[in-house]
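Chain by chain, the residues:
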Amino acid sequence: MSTTEQPIAEGVEKGEQTRARYPDEEGYIERNGVRVFYEVYGSGEPTILFLPTWTFVHSRIWKMQIPYLARHHRVVVFDPRGNGRSDRPATREAYAEREFAQDALDVMDATGTERAIVVGLSRGAQRTLLLATEHPERVIGAVFIGPFFPASLLAGLRWRLMNHPRLLRLFFTPPPVARGWLKFNAVHWRRDYRDFVEWFGARATSQPHSTKAFDDAAAWALETDPDSLILSVLGEPAAPVTRRDQLALARRVRCPVLVINGTKDKVTAFADARALAKATGGRLLPVEGGDHAPEARRPVEVNLAIREFADPTFRRDPTVHRSDGRPRALFVSSPIGLGHARRDVAIARELRGLVPGLQVDWLAQDPVTRVLEADGEAIHPASRHLANESGHMESESSEHDLHCFQAFRRMDEILAANFMLFGDVVRDERYDLWIGDEAWELDYYLHENPREKRAPFVWLTDFVGFLPMPRGGEREAEVAADHNAQMVEHVRDNPGLRDRSLFVGNPSDIVPESLGPGLPQIRDWTERNFDFAGYVTGFDQAELRDRERLRAELGYGPDERVCLVTVGGSGVGAHLLRRVIAAFPEARGLVPGLRMVVVAGPRIDPASLPEADGLEVRPYVHDLYRHLAACDLAVVQGGLTTAMELTAAKRPFLYFPLRHHFEQCVHVHHRLKGYGAGRSMEFDTSTPAVIAAAIAEEIGREVDYRDVETDGARRAAERIADML
């Protein structure tokens, strides 16, 4: 799907999204009354200085590079004058290219940076050339990405015309029609700035499936204003405006040079990138099929290229293998909730039984690590560097509301950072097998970069298909379909990249929906591309059949009516806990002797919840499934794992899917209907009185759910063991 026809997605102007890494230092430099904002990340030499590109966007353009490179180098970025947190001066002279170059020098001085590798994107190429030629003692090396370097015949002619005094007047003349490059016009910007932003942003992010890169660029462009952008166009250029002088400037560069350019760049010509590499004696790295913003759409290639350039000892192919000869597997388990951890530990346990001597290491983060540590699993030390996915989801939530699809899209820099970390781990250590349970970053970026695959890869998931919610409207439906289309293309074009695709469930658990217009039905596509392991509960159901013994072990009296309230491993469910706690007094009046136990989980402080006479609030409880099997009723969120644990234990339960959470509202709800399990409740209409009445109606009720298989972990392990 082309982004050229798409408006900005709902929610892109929501505010600052969670970052994968935050700055260690930030500040301002000031010159002639203009303040410029900078940030510093990490440590390690040499320093990498990312220059601003055109004032159209600010330093967040480097968000996919900063987390990875800052783990190995010191990284400095700053906002251009006219955008971000920098000032917006009101004179043409303030936007001269030499002013931007001087800002770079001032930032280097303010941050104690004597020398740096300088990286410039698009118009930043002109500033990079100025620094490298006029201040060579400060520049160790220069990286040009999609460089604005008008050296080809067509680009050179356009550049000369843009700077001709007479023709420059056309920039202030209303265009006869606002189409194509005629939108590059001051009058049009003042009339309909958003129209220009969407047109230029789409042109810069023209590679298919670049909807998120487009949304970002457009949102950042809307942080400046037409007048600032007009002045940035009028600013004095860095060099005389002829092809000959541009080439002469480039030939003065004496430091090492790397030029990165998309082969389908629609803003600057690939021929210009080739000319720049030739003139500087540098290396040209073509990004096949890439657009003007490969740092956003193709971050793995760009990040590895910059690291290779900055560190001659680095090799992207593995060179060091530390092993004692035992077979080794690296397991990446999704941290969004605790459900994946329980089933993954069960699969790993079965896998060790099938593969003697198997060592399983885990690349995981809180709250998954709590389950792993309690079960004695080996957590890879690199896990401490993972960017926080659960924290991001919590930051995106409000009162029992999580727009899961949009939150997932806004997690792009976190996913990229975590894939880059994974790459470092498997580059330094040998693993015979990679397993990813909804490790979206691993599956996505391996398909985008199949060269990075060096071991058999197993993919597990319990749902297929990102589905739009009605509130998102037409745009969200198009973006979700585009995401699904890319998944279909990934699997079609790289059929062997997933050595095993395992669906945690059965064909009947798959929703009767389409992946999008012109795309396959979800069930048909999944059946063609996945094996089915059946559901994996992660525990032996036979151990739970003696409920009287189990209740006694857990401290529940034989005559007590126990209502267990839990919302899983994230902090998103705090509002539901408070609502149910508010229902407790009335529920206790309806159910004499009611005992309500509220499990806050690992990410909710029990002290933050209200207190009530007779109410018990507990923190994280390991092996919570045993308490679920022992209770007379559970009140839960709409997550799959907890609901299926209750289904397997044949316990009645109320579940409250999060608003706008497509997985809970659609995928999980469909599966539970198939099992005849649970009673779905709407949070908005469920007052404490309604919840109390539902508790009284459901507690202790005999249920007739469909049986949940008991051998799912074994079946999954048998299919995975083949890879070893």
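As the structure is a computational prediction, the values presented were derived from the model and not from experiment.

K.L.:
Go over the sheet that holds strand E15 (residues 531-532) with me, naming the residues and quoting the values.
P.N.:
One open sheet holds the seven strands; their spatial order is E11-E10-E9-E12-E13-E14-E15, and the pairing between them is parallel. The sheet is open, and its two edges are formed by strand E11 (378-379) and E15, each paired on a single side. Summarising the sheet, strand E10 (residues 359-363) and E11 pair through two bridges and their orientation is parallel. Across the sheet, residue Asp361 finds its bridge partner in E11, namely Ala378. Here helix H18 (residues 412-428) sits on the sheet and contacts strand E9 (328-333), E10 and strand E12 (433-437); the angle it forms with E9, its principal contact strand, is near 175°.

K.L.:
Break down the environment of Gln102 for me, with residues and values.
P.N.:
By secondary structure assignment, the location of Gln102 is in helix H2 (residues 97-110). With 29 residues separating them along the chain, Gln102 and Leu131 place their C-alpha atoms 8.6 Å apart.

K.L.:
Which residues make up the nonpolar core, and what values go with them?
P.N.:
Soluble, globular proteins show a tendency: their nonpolar side chains are buried together. With 106 residues, the main nonpolar core has Trp189 and Phe196 as its most contacted residues. In terms of residues, this core owes the most to one element, H18, which gives 10 residues. Not counting residues within four places of it along the chain, the set of residues in contact with Trp189 comprises Trp54, Phe171, Lys183, Phe184, Phe196, Pro226, Leu229, Ile230 and Val233. Within the second largest apolar cluster, 65 residues are counted, among which are Leu338, Val536, Ala630 and Ala721.

K.L.:
Go over the side chain of Gln207 with me, naming the residues and quoting the values.
P.N.:
Examined against the element boundaries, Gln207 turns out to sit in the loop between helix H7 (193-204) and helix H8 (211-221). Assessed through its relative accessible area of 11%, Gln207 is described here as buried.

K.L.:
Outline the pattern of salt bridges, supporting the account with residue identities and numerical values.
P.N.:
According to the stated counting rule, one finds 65 salt bridges in the structure shown. For Arg454, the salt bridge identified is with Glu452, shortest N-O distance 3.1 Å. In this structure, Asp632 and Arg551 form a salt bridge, with 3.2 Å as the shortest nitrogen-oxygen distance. Note that Asp632 is positioned in the loop between helix H24 (624-630) and strand E19 (633-637) and Arg551 in helix H22 (residues 547-554), a separation of 81 residues in sequence. Each member of the pair, Asp632 together with Arg551, is buried.

K.L.:
Could you give me a rundown of helix H14 (residues 339-354), with the residues and numbers involved?
P.N.:
For H14, with 16 residues, the first-to-last C-alpha span of 24 Å sits near the 22 Å given by 1.5 Å per residue. Listed in full, the buried residues belonging to H14 are Gly339, His340, Ala341, Arg342, Arg343, Asp344, Val345, Ala346, Ile347, Ala348 and Leu351.

K.L.:
Tell me what's going on with unusual backbone geometry, and back it up with residues and numbers.
P.N.:
Put simply, Glu45 and Pro46 share a cis peptide bond, and its omega is -5°. One can find Pro46 in the loop between strand E2 (34-41) and strand E3 (47-50). In the segment running from Asp366 into Pro367, the intervening peptide bond is cis, with an omega of 10°. Residue placement: Pro367 occurs in the loop between E10 and helix H15 (368-374). At His400, a residue that is not glycine, the phi angle is positive and equals roughly 50°. As for its position among the elements, His400 is in the loop between helix H16 (389-396) and helix H17 (404-409). Look at Asp623: it is not a glycine, yet its phi comes out positive at around 55°. Among the structural elements, Asp623 can be located in the loop between strand E18 (615-618) and H24.

Cut-off values and rules
- Residues numbered from 1 in each chain as written.
- Predicted model: local features only at pLDDT ≥ 70, side-chain atom pairs only at ≥ 80, totals over all residues.
- Heavy atoms only, no water.
- Pairing = 2+ DSSP bridges.
- Helix = DSSP H or I, 4+ residues; strand = E, 2+ residues; numbered from the N terminus.
- Contact = heavy atoms within 4.5 Å.
- Axes fitted to C-alpha atoms, helices over the stretch in contact; angles between N-to-C directions.
- Core = buried A, V, L, I, M, F, W, Y, C linked by side-chain atoms within 4.5 Å.
- Buried < 20%, exposed > 50% of the residue type's maximum accessible area, 1.4 Å probe, protein only.
- Salt bridge = Lys/Arg side-chain N within 4 Å of Asp/Glu carboxyl O.
- Expected span 1.5 Å × (residues − 1).

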